[in-house]
Amino acid sequence: AVHSGPLVLIAGQVGVTAEGEVLSDPEEQMRLAFRKVVDLVEEAGLTASDIAEVRTFHVDMDAHEATFFKVKSEFFPAPPYPAFTGLIEVKKLGMAGLLLEVAATAHQPAGPRPLEIGYWKIRGLGAPLRMMLAYSGIPHVDKQYTDDWFGANKERILAMNPLANLPYVVDGNECVCQSNSAYVHVADKAGLYRGVRDLELMMEVFDLRNAHVDLVYPFADATRSQAEFDKKAVQLCEKTLATYYAKFAAVLAASGGKYLCGDDLAAADFHLWEMIDQHELLAKRLDLSSPLVGFPRLGTYYGDFRAEPKLAAYFESPDYSLPVNSSEAGAYFA
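All figures in this text were calculated on a predicted structure; none of them were measured in a lab.

Each helix and strand counted, the chain has 10 helices and 9 strands in total. For the chain, the C-alpha atoms occupy an extent of roughly 70 × 50 × 35 Å along the three principal directions. Taking all contacts inside the chain whose residues are at least 6 apart in sequence as the whole, residues at least 24 apart take part in 71%. Approximately 15,300 Å² of the chain is accessible, and the part contributed by carbon and sulfur atoms is 54%. Between the centroid of the 30 positive side chains of the chain and the centroid of its 45 negative side chains there is a distance of 3 Å.

Spelled out as structure tokens, the structure:
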């Protein structure tokens, strides 16, 4: 890599191993070329999201176009996308068997780096983070993964935190993993964390989340078939949720305000609202009455949160329209 002011220039990289072997599998060869580019960018203290331009040179492009776009999307799964000057056909590259060369230019952003969050391309446990960031207006990059745990960022995240998991938050040189830890980190930066009480409530919401996951995914010791899901889903909506909702209704009554910790939103509110909304969608899918019937205070809470002006853009965004759960993981309710 060559530094030129705020720019980092990456010369063309190819799918040749450290031993000098040209990888024969086209997909693996292309993946290695992109991996080398990203590694060089990260060695310069930047990330893949700082790559401003990518230039690609191809041999026999027609035969490998679909493979190229598949691999490219692994390394750039979500905005901001770099400018691509690609699909440049050449007769040959430096060694026999090479199909692709990738060059790039990265840009060092001015000022503090934006937060980076990562999660599957579903709402799931990522929605509370996305909502907190939308509400607070904190600049961030949202990595949404589809078919590979961490995608091309796996090695970088594991190097930063051996406890790597989704969701994660990268804040400068720090990587925070595990859901509630990530929520606390973002909430604290956003002025939304209300201390131990807030954390206690987040843990209680997670109990509700676990009951939801046991229902909607085909786990061997929980919900093993569609028929079992159909039966248990009705039971959850009509009976089980009432136990959780009664607790949160009591907390709201005791808080004396609009939300769980008073009149101001807390970290736990973002996850509780998400879980209420997911179960409203589930009940509607099953043609059942709202689980909020019988809990008017919780119903008001649900409406107040939805009407927050600072969340209007989120609710109009593609993030809110993402699947609730992962159909690729076999969810009965996605």
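We now examine a nonpolar patch on the surface. Taken together, the side chains of Val2, Leu7 and Leu9 make up a nonpolar region of the molecular surface, amounting to roughly 220 Å² of accessible area. Mapped onto the secondary structure, Leu7 falls in strand 2 (residues 7-14). Note on Leu7: relative accessible area 32%, which makes it partly exposed.

With respect to topology, 5 strands assemble into an open sheet ordered 1-2-5-3-4, the strand pairing being mixed. In this open sheet, the two edge strands, each paired with only one partner strand, are strand 1 (2-4) and strand 4 (83-89). Ignoring strand direction, the axes of neighbouring strands in this sheet form an average angle of 15 degrees. In this sheet, strand 4 lies alongside strand 3 (residues 51-58) in parallel orientation, the contact comprising 5 bridges. Bridging from a neighbouring strand, Arg55 pairs with Thr85 of strand 4. Packing against the sheet, helix 2 (residues 61-75) makes contact with strand 3, strand 4 and strand 5 (100-107), and its axis sits at approximately 155 degrees to strand 4.

Attention now moves to unusual backbone geometry. Working note: non-glycine residues mostly have negative phi, and peptide bonds are mostly trans. Following Pro79, the chain continues to Pro80 via a peptide bond in cis, the omega torsion being 0 degrees. The residue Pro80 is located in the loop between helix 2 and strand 4 in this model. Residue Leu166 is joined to Pro167 through a cis peptide bond whose omega torsion reads 0 degrees. Along the chain, the position of Pro167 falls in the loop between helix 4 (154-160) and strand 8 (168-171). The backbone of Asp60 sits at a positive phi, close to 55 degrees, despite the residue not being glycine. Relative to the helices and strands, Asp60 resides in the loop between strand 3 and helix 2. With phi around 60 degrees, Asp287 is a residue other than glycine that occupies positive phi space. Structurally, Asp287 is set in the loop between helix 8 (267-285) and helix 9 (296-306). You can call Asp287 exposed: its relative accessible area is 71%.

Strand pairing in a sheet relies on backbone hydrogen bonds. The paired strands run either parallel or antiparallel. The strand order 7-6-8-9 describes an open sheet built from 4 strands, whose pairing is mixed. What marks the edges here is a single partner per strand, and that holds for strand 7 (140-145) and strand 9 (174-177). Averaged over all neighbouring strand pairs, the angle between strand axes comes to 15 degrees, with direction disregarded. Across 4 bridges, the pairing between strand 8 and strand 9 is antiparallel. Bridge pairing in strand 9 places Asp171 opposite Glu174. Packing against the sheet, helix 5 (residues 179-190) makes contact with strand 6 (115-120), strand 8 and strand 9, and its axis sits at approximately 125 degrees to strand 9.

In terms of burial, helix 3 (residues 127-136) is a largely internal element, 8 of the 10 residues being buried. Residues Ala127, Pro128, Leu129, Arg130, Met131, Met132, Leu133 and Tyr135 constitute the buried set of helix 3. Looking one or two residues past helix 3, Gly137 carries a phi angle of roughly 75 degrees, positive in sign.

Of note, Val71 is situated in helix 2. Using a relative accessible area of 0% as the deciding quantity, one classes Val71 as buried. For the pair formed by Val71 and Val90, sequence separation is 19 residues and the distance between their alpha carbons is 20 Å. Apart from residues no more than four positions distant in its own chain, Val71 is found in contact with Glu27, Met30, Arg31 and Phe34.

Turning our eyes to something else, we now look at the environment of Ala104. Along the chain, Ala104 turns up in strand 5. Placed 66 residues apart in sequence, Ala104 and Val38 show a C-alpha to C-alpha distance of 9.2 Å. Sequence-distant contacts of Ala104, that is, excluding residues within four places in its chain, are made with Val8, Leu9, Ile10, Val37, Ile51, Glu53, Val54 and Arg55.

Conventions adopted
Residues numbered from 1 in each chain as written. Predicted model: local features only at pLDDT ≥ 70, side-chain atom pairs only at ≥ 80, totals over all residues. Heavy atoms only, no water. Helix = DSSP H or I, 4+ residues; strand = E, 2+ residues; numbered from the N terminus. Contact = heavy atoms within 4.5 Å. Areas by Shrake-Rupley, 256 points an atom, 1.4 Å probe, with all protein chains shown as cover. Lys, Arg positive; Asp, Glu negative; His and termini not counted. Charge placed at Lys NZ, Arg CZ, Asp CG, Glu CD. Patch = residues over 30% accessible without salt bridge, like charges linked within 9 Å, V, L, I, M, F, W, Y side chains within 5 Å. Salt bridge = Lys/Arg side-chain N within 4 Å of Asp/Glu carboxyl O. Buried < 20%, exposed > 50% of the residue type's maximum accessible area, 1.4 Å probe, protein only. Pairing = 2+ DSSP bridges. Axes fitted to C-alpha atoms, helices over the stretch in contact; angles between N-to-C directions.

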